[in-house]
Amino acid sequence: MKERGFWFDTEPQLNQRAVLSPLEQDITADVAIIGAGYSGLWTAYYLKQYQPNLSVVILEAECIGQGASGRNGGWLMGSFSGDVAYLNRLEGEQRLIAKAIIQATISEVATVCTKHYIDCDLHHGGNLRVAARYPEQVANIKAELAQWRADGFGEEDIRWLDKPELDKQVSMAEGQAALFTPHCARIHPAKLVCGLADLVQSLGVKIYEHTPVNHMAHLGDAQTQLQTPQGNVRAAIVVPAVEGYLRQLSGLGRFTLPVQSLLIATEPLTDAAWDAIGLANRATFSDASRIVTYGQRSPDNRLIFGARGGYGFGAKIRTEFGFDPRLFNAKFPVYQSPPQRAFEGEFGFRYQLLLALFPQLKGVEITHGWGGTLALARRFAPHAIFEKSLGLGLIGGYGGEGVGAANLFARTLVDLILERDTQLASMPWAFNAPVQQVLAPWEREPLPWLAYHGMNKIFAWEDRLYSQPTSAAWQKGLAKRLANRLEGLMS
Ligand SMILES: Cc1cc2nc3c(=O)[nH]c(=O)nc-3n(C[C@H](O)[C@H](O)[C@H](O)COP(=O)(O)OP(=O)(O)OC[C@H]3O[C@@H](n4cnc5c(N)ncnc54)[C@H](O)[C@@H]3O)c2cc1C
């Protein structure tokens, strides 16, 4: 059994769901979706909403939610990476409409969940981006706020919290100020993905687990064939909804870069511990560094905390993350490690950061560590593309902000596929065009590996310099200039 991560491990009724049979014969369908994560499931849901008679199948290589959808940090955002770049292609009322559509993603997910009794612990508490740990973070969020304002986002979208206001929300080490946006909710990722899977099955969608698609071949005459180990699927429309795994599907090019992100979870914390931390309103949070931290107070009252991870040479996908709970738990029967070992390695790095933000957590056990793969598009913005002549629909490239975006982009794709004359189908992220025309390919190795590792190292170096009071001003200045330059290249 492959690692499934915290959200499944701590929910026995999800972890022990009956496995759905693999495909064992040749079949036909109107639409064949590859991947049972949020993207695939939302696509199936909206197809069946608008055309209940369509035959829709989902082919999943492993289990429902085995990808990022069952492993993420549970931020359901009313925004997505690269959204401002898309908005900037519009003017006046069109821009306002697009912005409202993006922000309404949270209420759309909440409405569907309520309507179909999906309990995914959704709590709409907003998001805090906190200037903590070192003073330079205050300058970071000031600059960010100025950029938000320049991009047309007002007080209702994002606002400044000074220290007294911040202290009422969360108590972080050196917490000076924060940006607060209401456009974020917390969810339980595995409950959402399993709830969606049950929902689409109840609408007549057939899901095959343990059915990897090994090959896609366009047969002409508006038919595509998907090859799986024990049966083939012929369909008029095919939707690869595989995000970080796209590079493994033959013939789809180097359009995404699979990168990892890793998280840790504390044991459930006492009420007294939460009194010392805050987050009473379950706001999701990050600190204002460039190493992309993210956290939430989980439904079972743990602190969940993650940060950006690595990239494997040759776009290698990582499925095992090898968390060792003994390093973080003195009560473990064979615990022998000197305490500093808990600070080593990928999970140790996150533990260090967590304690730097919340020294109140010293001595608290870290019970889980896990990771997953997300996808970066070369233009750092996601896409919904329908290439009609091939019957190929493609969504993804969410870059670590796909929980809400998967809903928005699936809805968009369905409107394109069904040729619905909607506002969504006319949004700048909706493309009725050949995939090759819309997406830019990533460079060949070793460039992506060098660039990604170089960037991570520079961001971590900058962070370390700021965190150490002895760092020279010229070093901090140099690190900042380099990091700014790199960040500029990514937007
Ligand atoms: C650790 C981590 C934390 C994150 N935190 C957040 C967050 O807090 N908020 C946020 O907005 N986003 C977050 N993200 C990103 C978000 O989780 C993803 O963008 C989103 O889940 C993508 O959903 P998806 O359905 O497109 O892809 P996935 O969930 O990855 O699903 C793809 C599915 O396709 C299957 N598959 C792959 N290849 C094949 C094949 N050949 N044949 C059949 N099936 C195949 C896989 O097994 C997988 O189940 C995070 C990502 C990670 C990894």
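Residues numbered from 1 in each chain as written. Predicted model: local features only at pLDDT ≥ 70, side-chain atom pairs only at ≥ 80, totals over all residues. Heavy atoms only, no water.

You'll find the protein chain entered in an unreviewed UniProt entry as NAD(P)/FAD-dependent oxidoreductase, with Shewanella mangrovisoli given as the organism.

1. Observations regarding the site of the ligand
Stated precisely, the cut-off is as follows: Here a residue counts as near a molecule or strand whenever at least one of its heavy atoms sits within 4 Å of it. Throughout this description, a polar contact denotes any pair of N or O atoms lying within 3.5 Å of each other; where both atoms belong to protein, one of them has to be capable of donating a hydrogen while the other can accept it, and for residues adjacent in sequence the pair is counted only when both atoms sit in side chains. Note on areas: Shrake-Rupley with a 1.4 Å probe; residue coverage comes only from the protein chains shown. Think of it this way: any DSSP run of H or I at least four residues long counts as a helix, any run of E at least two long counts as a strand, and we number them from the N terminus.
Taken together, 36 residues are adjacent to the ligand, and Ser39, Glu60, Ser69, Trp75 and Val403 come closest. Ser39 has a polar side-chain atom sitting 2.7 Å from an oxygen atom of the ligand. For the ligand, the accessible surface in isolation is 1000 Å², of which the surrounding protein chains cover 97%. Counting only elements with at least two residues in the shell around the ligand, the list comes to helix H3 (38–50), strand S3 (75–77), strand S12 (256–266), strand S16 (366–377) and helix H12 (402–417). By residue number, the principal contributor to the shell around the ligand is S16, which donates 3 residues.

2. So, the packing of aromatic side chains
We count it as follows: To pair, rings of Phe, Tyr and Trp, with the six-membered ring standing in for Trp, must have centres within 6.5 Å; the planes then decide the type, stacked if under 30 degrees apart, edge-to-face if over 60, and tilted in the middle. Burial classes: relative accessible area under 20% of the type maximum marks a residue as buried, over 50% as exposed, and values in between as partly exposed (1.4 Å probe, protein chains only).
The full count for this structure, using the stated rule, is 24 aromatic pairs. Ring plane angle 80° and centroid distance 6.0 Å describe the contact between Trp42 and Tyr45, whose orientation is recorded as edge-to-face. Placement of both Trp42 and Tyr45 in helix H3 is noted, with a separation of 3 residues, approximately one turn of the helix. We note that Trp42, like Tyr45, is buried. Residues Phe328 and Tyr351 carry aromatic rings whose centres are separated by 5.1 Å and whose planes lie at 90° to one another, so their mutual orientation is edge-to-face.

3. Some remarks on the pairing of strand S10 (residues 223–228)
Consecutive side chains along a regular strand alternate between the two faces of the sheet. Basically, it comes down to this: Only strands joined by at least two bridges in the DSSP assignment are considered to pair.
With burial as the criterion, only one face of S10 is covered, namely that bearing Thr224, Leu226 and Thr228; the residues Gln223, Gln225 and Gln227 on the opposite face remain uncovered. Sheet topology places strand S9 (residues 215–220) next to S10; 5 bridges connect them, and they run antiparallel. Paired with Ala217 across the strands is Gln225, a residue of S10. Of the strand pairs in this sheet, S10 and strand S11 (residues 231–240) are connected by 5 bridges, and their pairing is antiparallel. Among the inter-strand pairings, Gln227 is bridged to a residue of S11, identified as Asn232. The loop that links S10 with its antiparallel partner S11 comprises 2 residues.

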